[in-house]
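Examining the three-dimensional arrangement
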Amino acid sequence: MNENDITTPPAPCAPEDVRRIACVGAGVIGGGWVAHYLARGYDVTAWDPAPDAEQKLRRLVDAAWPALTQLGLAEGASPDRLTVTATLEEAVADAQFVQESAPEKLELKRDLLARLDAAAPAGVVIASSTSGYPMTDMQTEAADPGRLVVGHPFNPPYLIPLVEVVGGDKTAPHAVTWASRFYEVAGKSVITMASEVPGFIANRLQEALWREALHMVANGEATVKEIDDSITEGPGLRWAFMGPMLTFALAGGEGGMAHMLDHFGPSLKSPWTRLEAPELDKELYDAVVAGCDDAADGRTIADLVAERDQGVIDVLRATGRLPQQRTKEDTK
Ligand SMILES: NC(=O)C1=CN([C@@H]2O[C@H](COP(=O)(O)OP(=O)(O)OC[C@H]3O[C@@H](n4cnc5c(N)ncnc54)[C@H](O)[C@@H]3O)[C@@H](O)[C@H]2O)C=CC1
Ligand SMILES: C[N+](C)(C)CC(=O)CC(=O)[O-]
């Protein structure tokens with residue numbers, strides 16, 4: 001959308017000045033957002049139509065609080081700063097940011113986002129936690145679609161840092177910029193996507209793995225336990241600190257990603273997955289090699305190998321699969 005076509009007013013306050021957040025839909029993810037925002041010292045209003053929603057929400061926050069306390073609470077943070085309202089309108093009336101986390105049903109999201117848009121103060125950015133719907137498909141009923149963005153979290157939002165932010169065709173670019181900055185200020189790690197793609201980035205990757213796993217179970221090729229062990233005892237150990245691209249660059253030894261592609265590129269055509277492999281043409285080859293160089297950010301292959309090896313040892317230790325490191329004091 002052209003910035004000149006935008007009628008969406010700017011947000012009434014800067015991302016740094018937000019104090020009051022509304023969370024609409026308070027199940028697994030909405031409740032997790034509530035816990036996160038409370039721990040970061042915000043005042044939170046929540047609304048959820050389920051009759052037992054308030055008890056469930058308060059139980060979720062209480063259960064999360066010890067972990068959040070361990071991580072370090074913001075000054076003044078308290079579960080007492082949560083207000084559960086009787087109506088959606090009350091929840092958002094005074095909000096400076098709205099996070100929608102209602103069930104993953106397109107019609108429901110369309111109607112709810114339109115209701116939130118009608119009730120929230122002008123310009124306030126409204127983010128949807130959707131796991132995969134493009135905002136273009138959800139913003140169809142809203143009077144001001146310009147302030148609607150996707151803010152896709154990971155479970156539980158109070159511990160997993162990533163939020164993927166992206167707008168739809170009718171989202172004002174300034175709303176996307178505002179939301180990304182807001183999430184950073186609120187302690188999240190943000191990827192602002194340049195364009196919409198269903199499932200965003202991380203869920204497309206997770207879903208590919210998940211579909212392949214389901215095919216293997218359905219065909220009797222692997223058990224559920226073998227699938228889980230193959231990740232927790234294998235690649236999952238590396239993915240906690242190094243993504244799949246740089247990890248595979250190290251499979252190319254001193255030749256890095258270029259050698260990895262020369263060596264293993266042909267196996268893209270082997271029947272290793274049920275997904276169709278993309279053509280490994282020069283453009284893709286160069287983009288992957290250059291992307292790895294960018295991600296390495298000046299670190300040599302030797303630096304990355306040392307980093308990976310230490311990371312795997314740290315993860316093995318942290319998950320109780322290696323003895324905790326003993327200090328000289330312990331061994332006296
Ligand atoms: N569960 C997960 O791991 C993740 C879920 N998400 C997304 O978060 C959103 C919520 O999912 P969950 O929390 O898992 O679902 P959930 O089923 O745990 O919670 C949904 C909540 O929405 C409430 N609700 C029902 N109708 C509503 C309405 N019209 N307006 C407002 N609230 C309504 C329900 O009472 C329930 O408490 C979905 O869009 C989902 O795709 C995103 C990331 C991870
Ligand atoms: C299962 N899920 C598709 C709803 C998962 C997510 O959207 C993100 C996550 O927490 O992995």
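Residues numbered from 1 in each chain as written. Chains lettered and ligands numbered in written order. Predicted model: local features only at pLDDT ≥ 70, side-chain atom pairs only at ≥ 80, totals over all residues. Heavy atoms only, no water.

Remarks on the pairing of strand S4 (residues 97-100)
Let me state the cut-off plainly: For every residue, the accessible area (1.4 Å probe, protein chains only) is compared with the maximum for its type, and the residue is labelled buried under 20%, exposed over 50%, or partly exposed between those bounds. Segments assigned H or I by DSSP are reported as helices when at least four residues long, segments assigned E as strands when at least two residues long, and all are numbered from the N terminus. Two strands form a pair only when DSSP identifies at least two bridges running between them. Consider the strands pointing away from the viewer: the crossover is right-handed when the path from the first strand over the helix to the second runs clockwise.
Side chains Phe 97 and Gln 99 project from S4 onto one buried face, and the interleaved Val 98 and Glu 100 project onto a second face that is buried too. Across 4 bridges, the pairing between strand S1 (residues 20-24) and S4 is parallel. Bridging across to S4, Ile 21 finds its partner in Phe 97. Bridging between S4 and strand S5 (residues 126-128) involves 3 bridges; their strand directions are parallel. Bridge pairing in S5 places Gln 99 opposite Ala 127. Taking the sense of rotation as the criterion, the β-α-β connection linking S4, helix H4 (residues 106-119) and S5 turns out right-handed.

Focus on the site of ligand 1
The condition that has to hold: Any residue with a non-hydrogen atom lying within 4 Å of a molecule or strand is treated as near it. Under the rule applied, a polar contact is a pair of N or O atoms within 3.5 Å (in protein, one hydrogen donor and one hydrogen acceptor; residues adjacent in sequence only if both atoms are side-chain atoms). Using a 1.4 Å probe, the Shrake-Rupley method yields the accessible areas, and only the shown protein chains count as cover for residues. Amino acids outside the nonpolar list (Ala, Val, Leu, Ile, Met, Phe, Trp, Tyr, Cys, Pro) and the charged list (Asp, Glu, Lys, Arg) are all regarded as polar, and Gly is one of them.
With respect to spatial proximity, 23 residues lie near ligand 1, and among them Ile 29, Asp 48, Glu 104, Lys 109 and Ser 131 are the closest. Taking Val 28, its main chain carries an N or O atom lying 3.0 Å from an oxygen atom of ligand 1. Protein contacts shield 73% of the accessible area of ligand 1, which totals 830 Å² for the unbound molecule. Put simply, the parts of the chain that give the shell around ligand 1 at least two residues each are helix H1 (28-39) and H4. The element best represented in the shell around ligand 1 is H4, accounting for 3 residues. Tallied by class, the residues present in the shell around ligand 1 amount to 12 nonpolar, 8 polar and 3 charged.

Points about the side chain of Ser 128
Mapped onto the secondary structure, Ser 128 falls in strand S5. For Ser 128, a relative accessible area of 0% puts it in the buried group. A polar contact of 2.5 Å, which involves the side chain of Ser 128, links it to the side chain of Glu 100.

Structural notes on the nonpolar core
Put simply, the rule is: Here, nonpolar core means buried Ala, Val, Leu, Ile, Met, Phe, Trp, Tyr and Cys residues that are tied together by side-chain atoms lying within 4.5 Å of each other. Any two residues whose heavy atoms approach within 4.5 Å at even a single point are treated as in contact.
Val 34, Tyr 37, Phe 97, Phe 182 and Tyr 183 are the most contacted members of the largest nonpolar core, which totals 35 residues. Among the elements of the structure, S1, H1, strand S2 (43-47), helix H2 (53-71), strand S7 (162-167) and helix H6 (173-185) are those that each provide at least two residues to this core. If near-sequence neighbours (up to four positions away) are discounted, Tyr 183 is found in contact with Trp 33, Tyr 37, Phe 97, Gln 99, Ala 127, Gly 151, Val 163, Val 165, Lys 188 and Val 190.

Concerning the UniProt feature "binding site: NAD(+)" (unreviewed entry) in the protein chain
Where we set the bar: UniProt positions are given in the numbering used here, feature names are shortened, and annotations may be inferred rather than shown by experiment.
UniProt records the feature "binding site: NAD(+)" (unreviewed entry) for Gly 25, Ala 26, Gly 27, Val 28, Ile 29 and Gly 30 in the present numbering. With relative accessibility at 37%, the residue Gly 27 sits in the partly exposed group. Looking at the element boundaries, Val 28 is found in helix H1. Judged by relative accessible area, Val 28 falls into the exposed class, the value being 56%. In this structure Val 28 touches Leu 60 and Asn 155, once residues within four positions along its chain are discounted.

Side note on the packing of aromatic side chains
Test applied: Pairing of aromatic side chains requires ring centres within 6.5 Å, counting the rings of Phe and Tyr and the six-membered ring of Trp. Pairs whose planes differ by under 30 degrees are stacked, by over 60 edge-to-face, and all others tilted.
Under the defined criterion, the tally for this structure stands at 10 aromatic pairs. Seen in terms of ring centroids, Tyr 37 and Phe 182 are 6.1 Å apart; in terms of plane orientation they differ by 45°. Their pairing is tilted. Taken together, the positions of Tyr 37 in helix H1 and Phe 182 in helix H6 put the pair 145 residues apart, joining distant regions of the chain. Geometrically, the ring pair formed by Phe 182 and Tyr 183 is tilted, given 5.6 Å between the ring centres and 55° between the ring planes. The same class applies to Phe 182 and to Tyr 183, which are both buried. These aromatic residues form a ring-pair network of at least three members: Trp 33, Tyr 37, Tyr 42, Phe 97, Trp 178, Phe 182 and Tyr 183.

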